Amino acid sequence: MKTDHPVRVALVDDHALFRNSLAGMIDRMGGYKVVMEAANGEECMDKMVEIPEVDLAIVDLHMGVMDVYSTIEWLAKNPPRTRTLALTFEKRESALMRALQAGAWGFLLKEVRMEVFKQALDDVVSRGHYLGGAEQLARLTQGEEKHLLDSSVLEQFTEREA
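All residue numbers here refer to positions counted from 1 along the written sequence of the relevant chain. Local features in this predicted model are restricted to residues of pLDDT 70 or higher, and side-chain atom pairs are both shown and tallied only at a pLDDT of 80 or more, whereas totals for entire chains, interfaces and linings draw on every residue. Note that water and hydrogens are dropped before the side-chain values are worked out from all heavy atoms of the structure.

Asks: What is the right way to look at helix α1 (residues 16–29) in this model?
Replies: In an α-helix, one full turn covers 3.6 residues, which means residues spaced three or four apart are oriented alike. For α1, built from 14 residues, the straight-helix expectation of 20 Å at 1.5 Å per residue is met to within 8% by its first-to-last C-alpha distance of 20 Å. Every buried residue of α1 is listed here: R19, L22, A23, G24, M25, I26 and M29. Any two residues whose heavy atoms approach within 4.5 Å are treated as being in contact. Secondary structure elements are defined from DSSP: runs of H or I of at least 4 residues count as helices, runs of E of at least 2 residues count as strands, and each element is numbered from the N terminus. For α1, the elements touching its buried residues are β1 (7–12), β2 (32–38), β3 (56–60), β4 (83–88) and α5 (114–126). After α1 finishes, the residue G30 shows a positive phi value of roughly 90 degrees. In this scheme, a helix's expected span is set at 1.5 Å multiplied by one less than its residue total. Note on exposure labels: buried denotes an accessible area under 20% of the residue type's maximum, exposed denotes more than 50%, and partly exposed covers the range between, all computed with a 1.4 Å probe on protein chains only.

The following block contains the structure:
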């Protein structure tokens, strides 16, 4: 995704304080501009009709009102086919797999440092995916769940995406 303008970002998270803080951080990073905020998937879809020029959506995996995986799928399938980065505190491989299957371009734990967050955004925009969250998840959950990350997650990406 090459743009001659800042990457337009939508934030979808049900915690207003977190969403507002994240918006401020993103706007100060340079190269990105938050153009839309929503508290849930339904509100996101309504606002996307009004503000269709969204390049990247950062979506929390735990919200009410509408199934978050349906939100990610909707963003992936409807114009402008917004790239989605799933953001969560949940350290379960099943959440990662569901997000990727729904159409997320990446997965990131909320506990990451700002440098990692910025790298994830840059990778989704420039490379089309961010898999660092999968690697981090595998390290954090070692022994808690059977891991399929070595091959099954990577197999979902084409050679160009990997």
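Asks: I'm lost on the pairing of β3 in this one. Help?
Replies: The side chains of a regular strand alternate between both faces of the sheet. Among the 5 residues that make up β3, 5 are buried, leaving the element largely enclosed by the rest of the structure. Of the two faces of β3, both are covered, the one formed by L56, I58 and D60 as well as the one formed by A57 and V59. As judged from the 4 bridges shared by β1 and β3, these two strands associate in the parallel manner. Across the sheet, A10 pairs through a bridge with A57, a residue of β3. Between any two strands, pairing holds if DSSP finds at least two bridges. Pairing geometry for β3 and β4, over 5 bridges, is parallel. What sits directly across from L56, in β4, is R83.

Asks: Help me out: how do you make sense of the nonpolar core in this one?
Replies: Side chains of a nonpolar character, in soluble globular proteins, are inclined to be buried together. Buried Ala, Val, Leu, Ile, Met, Phe, Trp, Tyr and Cys residues that are joined via side-chain atoms within 4.5 Å together make up what is termed a nonpolar core. Counting 24 residues, the largest nonpolar core has C44, V59, L61, Y69, I72, A99 and F107 as its most contacted members. Elements with a contribution of two residues or more to this core: β1, β2, α2 (41–50), β3, α3 (68–77), α4 (93–102) and β5 (106–109). By residue number, the principal contributor to this core is α4, which donates 5 residues. If you look at the next biggest cluster of nonpolar residues, it comprises 22 residues, including V7, I26, V34 and F117.

Asks: What am I meant to see in α3 here?
Replies: Listed as buried for α3 are V68, Y69, T71, I72, L75 and A76. Looking straight down α3, one finds its buried side chains confined to an arc of 155 degrees; they lie on one side. Its buried side turned inward, α3 meets α2, β3, β4 and α4. Arc, as used here, means the arc of the directions from the helix axis to the C-beta atoms.

Asks: Even after reading the chapter, I still don't get empty space enclosed by the protein, so can you show me in this structure?
Replies: The gaps left among the atoms become clear once a water-sized probe is rolled over them. Points on a 1 Å grid over protein atoms alone make up a cavity when a 1.4 Å probe fits among them but cannot get out, and a pocket when they form an open set with protein on both sides within 12 Å along at least five of seven lines; lining residues each have an atom within 4 Å of a point. Grid points are joined across faces, edges and corners, and a volume is the space filled by probe spheres set on the points. Overall, the coordinates contain 1 cavity of 30 Å³ or more when judged by the stated rule. By volume, the largest cavity amounts to about 30 Å³. Taken together, the elements giving at least two residues each to the lining of the largest cavity come down to β1, α1 and β3. The greatest single-element share of the lining of the largest cavity, amounting to 3 residues, is contributed by α1.

Asks: Can you help me understand the packing of aromatic side chains in this one?
Replies: Side-chain rings of Phe, Tyr and Trp, where Trp is taken by its six-membered ring, are said to pair if the distance between their centres is within 6.5 Å; with planes under 30 degrees apart they count as stacked, over 60 as edge-to-face, and otherwise as tilted. Counted according to the given criterion, the structure contains 0 aromatic pairs. Stacked on the ring of F18, the Lys or Arg K110 has its end atom at 4.5 Å from the ring centre. The rule is short: NZ of Lys or CZ of Arg within 6 Å of the ring centre and within 35 degrees of the ring normal puts a charge over the ring.

Asks: For this particular structure, what's the right way to read the pattern of salt bridges?
Replies: Any two side chains of opposite charge can pair, given that their charged atoms come close. Here, a salt bridge means any side-chain nitrogen of Lys or Arg that lies within 4 Å of a carboxyl oxygen of Asp or Glu. Considering all chains together, one arrives at 10 salt bridges under this definition. Here K47 and E43 are joined by a salt bridge, their closest N and O atoms 3.1 Å apart. Linking K47 with E43, this pair stays in helix α2, spanning 4 residues, or about one helical turn. Owing to a relative accessible area of 27%, K47 belongs among the partly exposed residues under this scheme.

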